[in-house]
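Listed below, chain by chain, are the residues.
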Amino acid sequence: MDYIIKLAFVLLIFIYSWFFQIQNQEWDQVRSMLKDANNMAVHDASQELNEAARAQGRLVIDPAEAYATFRHTLQSNLGLDDGLSPLAGSRLQAQVKIVKFTIVDESTGDTFPLLYEDSTYGITKYIQGPSVIAVIQTQHPVLISRSKVQEAITVPAVQEYRMNR
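One structure accompanies this document, and this report is about it. (Residues numbered from 1 in each chain as written. Predicted model: local features only at pLDDT ≥ 70, side-chain atom pairs only at ≥ 80, totals over all residues. Heavy atoms only, no water.)

**Topic: the overall build of the protein chain**
Here's step 1: When its secondary structure is counted, the protein chain shows three helices and five strands.
Here's step 2: Reading the protein chain from its N terminus to its C terminus gives the helix and strand order α-α-α-β-β-β-β-β.
Here's step 3: Taking the principal axes of the C-alpha coordinates as reference, the protein chain spans close to 85 × 35 × 25 Å.
Here's step 4: With 165 residues in all, the protein chain has 33% of them scored as buried.
Here's step 5: As displayed, the protein chain has an accessible area near 10,200 Å², and 54% of this comes from carbon and sulfur atoms. (Helix = DSSP H or I, 4+ residues; strand = E, 2+ residues; numbered from the N terminus. Buried < 20%, exposed > 50% of the residue type's maximum accessible area, 1.4 Å probe, protein only. Areas by Shrake-Rupley, 256 points an atom, 1.4 Å probe, with all protein chains shown as cover.)

See the structure below:
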């Protein structure tokens, strides 16, 4: 009887460890998907230039067009609906939130190179030209409920034009 209790205890620990490892793998995969999608979305958003300013030799990103393109690229790459909630068949389990979307260009009066710092999201970067900066977030996947709530997965991305002067 003593042997069976010890065996059951070891089996329970093994199963708990196995689920914990699967949950960590799921976190890694979701974070990687978010990072790739965010990188593509800021790249696409940075392509939305104001043509009138461009004709004058200035690189100015159109904020409304850039944001719309950013959302569309996120939706396409992550399988999200218009509210950024996962569609059926999407790998994600929770809604994606755009927690920061910033455009830094000549229209804001900034000169380049510029040291961009955002301590809230841990972004520090020397920006060489007009840029789109975005941070997206989704809930941590949960397979094992615990008393400690996991922090959300937060992913920053920066896309910049390098100015050759």
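After that view of the structure, there is still more to cover.
**Some points on the pattern of salt bridges**
Here's step 1: Per the counting criterion, the structure on display carries four salt bridges.
Here's step 2: Here D118 makes a salt bridge to K100, at a shortest N to O gap of 3.0 Å. Within this pair, whereas D118 is found in strand β2 (residues 114-118), its partner K100 is found in strand β1 (residues 97-104), the two being separated by 18 residues in sequence.
Here's step 3: By relative accessible area, which is 10% here, D118 ends up buried. (Salt bridge = Lys/Arg side-chain N within 4 Å of Asp/Glu carboxyl O.)

**Side note on the packing of helix α1 (residues 2-46) against helix α3 (residues 63-78)**
Here's step 1: Relative orientation of the contacting elements α1 and α3 amounts to 150 degrees, with a least axis distance of 8 Å. Viewed along their axes, α1 and α3 form a crossing whose handedness is right-handed. For the pair α1 and α3, contact is made by M33, L34, A37, N38, M40, A41, V42, D44 and A45 and by A66, T69, F70, T73, L74, N77 and L78, respectively.
Here's step 2: Each residue belonging to the contact of α1 with α3 can be placed in one class, and the counts come to eleven nonpolar, four polar and one charged. (Axes fitted to C-alpha atoms, helices over the stretch in contact; angles between N-to-C directions. Left-handed = near helix turned anticlockwise from the far one by under 90°. Contact = heavy atoms within 4.5 Å. Nonpolar A, V, L, I, M, F, W, Y, C, P; charged D, E, K, R; others polar.)

**Considerations on the side chain of S46**
Here's step 1: The topology assignment puts S46 in helix α1.
Here's step 2: Residue classification places S46 among the buried residues on the basis of a relative accessible area of 1%.

**Section: the nonpolar core**
Here's step 1: Core analysis: the biggest nonpolar cluster contains 24 residues, and L34, F70, L74, L78, V96 and I136 have the highest contact counts within it.
Here's step 2: Where this core is concerned, the elements lending two or more residues are α1, α3, β4 (131-138) and β5 (153-160).
Here's step 3: With near-sequence residues (within four places) excluded, I136 lies in contact with L34, N38, F70, L74, V96, K97, I98, V99, I153, T154 and V155. (Core = buried A, V, L, I, M, F, W, Y, C linked by side-chain atoms within 4.5 Å.)

**Examining α3**
Each full turn of the α-helix corresponds to 3.6 residues, which orients residues three or four apart in the same direction.
Here's step 1: Between its terminal C-alpha atoms α3 stretches 22 Å, which fits the 22 Å expected from 16 residues at 1.5 Å a residue.
Here's step 2: Where α3 begins, the capping side chain belongs to D62, and its oxygen is found 3.1 Å from the backbone nitrogen of A64. (Expected span 1.5 Å × (residues − 1). Polar contact = N/O pair within 3.5 Å; in protein donor to acceptor, adjacent residues only side chain to side chain.)

**Concerning the environment of D62**
Here's step 1: Looking at where D62 falls in the secondary structure, it is placed in the loop between α2 (51-55) and α3.
Here's step 2: Looking at D62, the relative accessible area reads 25%, which means it is partly exposed.
Here's step 3: Linking D62 and S107, residues 45 residues apart in sequence, is a C-alpha distance of 9.8 Å.

**Comments concerning a nonpolar patch on the surface**
Here's step 1: Together, L11, F14, I15, W18 and F19 make up a nonpolar patch on the protein surface, roughly 510 Å² of accessible area in all.
Here's step 2: By the secondary structure assignment, W18 is in helix α1.
Here's step 3: Taking relative accessible area as the criterion, W18 reaches 46% and is therefore assigned partly exposed. (Patch = residues over 30% accessible without salt bridge, like charges linked within 9 Å, V, L, I, M, F, W, Y side chains within 5 Å.)

**Quick notes on the side chain of Q75**
Here's step 1: Locating Q75 in the fold gives a position in helix α3.
Here's step 2: You can call Q75 buried: its relative accessible area is 16%.
Here's step 3: A distance of 2.8 Å separates a polar atom in the side chain of Q75 from the backbone oxygen of D81.
Here's step 4: Once residues lying within four places of it in the same chain are set aside, the contact partners of Q75 are L80, D81, D82 and L84.

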